[in-house]
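Per-entry structural report
Next come the chains, spelled out residue by residue.
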Amino acid sequence: MKRSSTLILLGKGLVKPSKDANTANQESKMTLESKFTCEAGRLLLLQENIRNLIICGGQVIGKSLPSEADTMLKYIDEHCSIVNNCNVYLEKNSLTTLQNARGAKNIMITKNLLNSSSYLVTCPYHIARAKRIFCDEGMQIEPISSLDILSGEERRDFEDYLISTKGKYEQLKERAISITSFLFGDSFLDKFSGITRG
């Protein structure tokens, strides 16, 4: 990566707390895809000269719990002290990939980062659509699959997840969203962001 790089992390949702859990003590928990994206981001922060970190994700499971961006930052901060050496920006209003792209772009315009080298990290089955949407929004980014950054046990765990029933379901859901996006446009998905997260 080049100097003055901007790293953009996209999560893939949060896990809904159980209905019988004490709401006063609830914390947002990331999906495995989001956890592995955070892990990939953490590794890039340790290995590369990242000057700016943008984490995208709104309040996907309710207004009383932290946003996806807050939850991801907390995870990275607990596992990587180097995050203190870069500028961190949270985009906490998005529920869809299109909203992620627009929110990240607004941050980059406001902070004069559009000319920095920008890297986009998300889970492997989301990367192609995310890249297309970010490029359609006028952003020049280099997409990086979180799986490509991970190694060892973390990589094996993610590969095992991807072939599990839950992993296959999430990949099938992403394909359906991609087809809908292709046929009707990304703005069409925004109309249903409260029903299904895209």
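Above this note sits the structure.
We now turn to the structure provided with this report. Everything quoted here is computed from the prediction, not taken from an experiment. (Residues numbered from 1 in each chain as written. Predicted model: local features only at pLDDT ≥ 70, side-chain atom pairs only at ≥ 80, totals over all residues. Heavy atoms only, no water.)

What about the pattern of salt bridges?
Opposite charge on two side chains makes pairing possible when the charged atoms of those side chains draw close. If you walk through the whole model with that rule in mind, you get 9 salt bridges. Linking Lys 12 and Glu 174 is a salt bridge whose minimum nitrogen-to-oxygen distance equals 3.2 Å. With a gap of 162 residues between them, Lys 12 in the loop between strand E1 (5–10) and strand E2 (14–15) and Glu 174 in helix H7 (residues 165–184) connect regions that are remote in the sequence. For Asp 136, the salt bridge identified is with Arg 132, shortest N-O distance 3.3 Å. With Asp 136 and Arg 132 both in helix H4 (residues 127–136) and 4 residues apart, the pair spans about one turn of that helix. Since its relative accessible area comes to 54%, Asp 136 is described here as exposed. Taken together, the shared-partner salt bridges connect Lys 12, Arg 129 and Glu 174 into one network. (Salt bridge = Lys/Arg side-chain N within 4 Å of Asp/Glu carboxyl O. Helix = DSSP H or I, 4+ residues; strand = E, 2+ residues; numbered from the N terminus. Buried < 20%, exposed > 50% of the residue type's maximum accessible area, 1.4 Å probe, protein only.)

Examining the nonpolar core
Of all hydrophobic cores here, the largest spans 31 residues; its most connected members are Leu 7, Leu 9, Leu 45, Ile 55, Ile 76 and Phe 158. Of all the elements in the fold, those that place two or more residues in this core are E1, helix H1 (32–47), strand E4 (50–56), helix H2 (68–79), strand E6 (117–122), helix H5 (146–149) and helix H6 (152–162). Here this core takes 6 residues from H1, the largest share from any one element. (Core = buried A, V, L, I, M, F, W, Y, C linked by side-chain atoms within 4.5 Å.)

Notes on a nonpolar patch on the surface
Nonpolar side chains collect at one region of the surface, where Ile 179, Phe 182, Leu 183 and Phe 184 lie side by side and expose about 520 Å² of accessible area between them. In this fold, Leu 183 is placed in helix H7. (Patch = residues over 30% accessible without salt bridge, like charges linked within 9 Å, V, L, I, M, F, W, Y side chains within 5 Å. Areas by Shrake-Rupley, 256 points an atom, 1.4 Å probe, with all protein chains shown as cover.)

Considering the environment of Met 30
Within the secondary structure layout, Met 30 lies in strand E3 (residues 29–30). Sequence-wise, Met 30 and Lys 12 are 18 residues apart; in three dimensions their C-alpha atoms are separated by 8.1 Å. Those residues in contact with Met 30 that sit more than four places away from it in its chain are Gly 13, Leu 14, Val 15, Lys 35, Cys 38, Thr 71, Met 72 and Tyr 75. (Contact = heavy atoms within 4.5 Å.)

Section: unusual backbone geometry
The backbone phi angle of Asn 112 is positive, close to 55 degrees, even though this residue is not glycine. For Asn 112, the position within the fold is in the loop between helix H3 (97–110) and E6.

Considerations on the sheet that holds E1
One open sheet holds the 5 strands; their spatial order is E5-E4-E1-E6-E7, and the pairing between them is parallel. At either end of the open sheet lies a strand with only one pairing partner, and these are strand E5 (87–91) and strand E7 (141–145). Within this sheet the neighbouring strands show an average axis-to-axis angle of 20 degrees, counted without direction. Summarising the sheet, E1 and E4 pair through 6 bridges and their orientation is parallel. Looking across to E4, one finds that Thr 6 is bridged to Asn 52. Seen against the sheet, H1 touches E1, E4, E6 and E7 and runs at an angle of roughly 165 degrees to E1. The sheet strands contacting H4 are E1, E6 and E7, and the helix crosses E7 at an angle near 165 degrees. (Pairing = 2+ DSSP bridges. Axes fitted to C-alpha atoms, helices over the stretch in contact; angles between N-to-C directions.)

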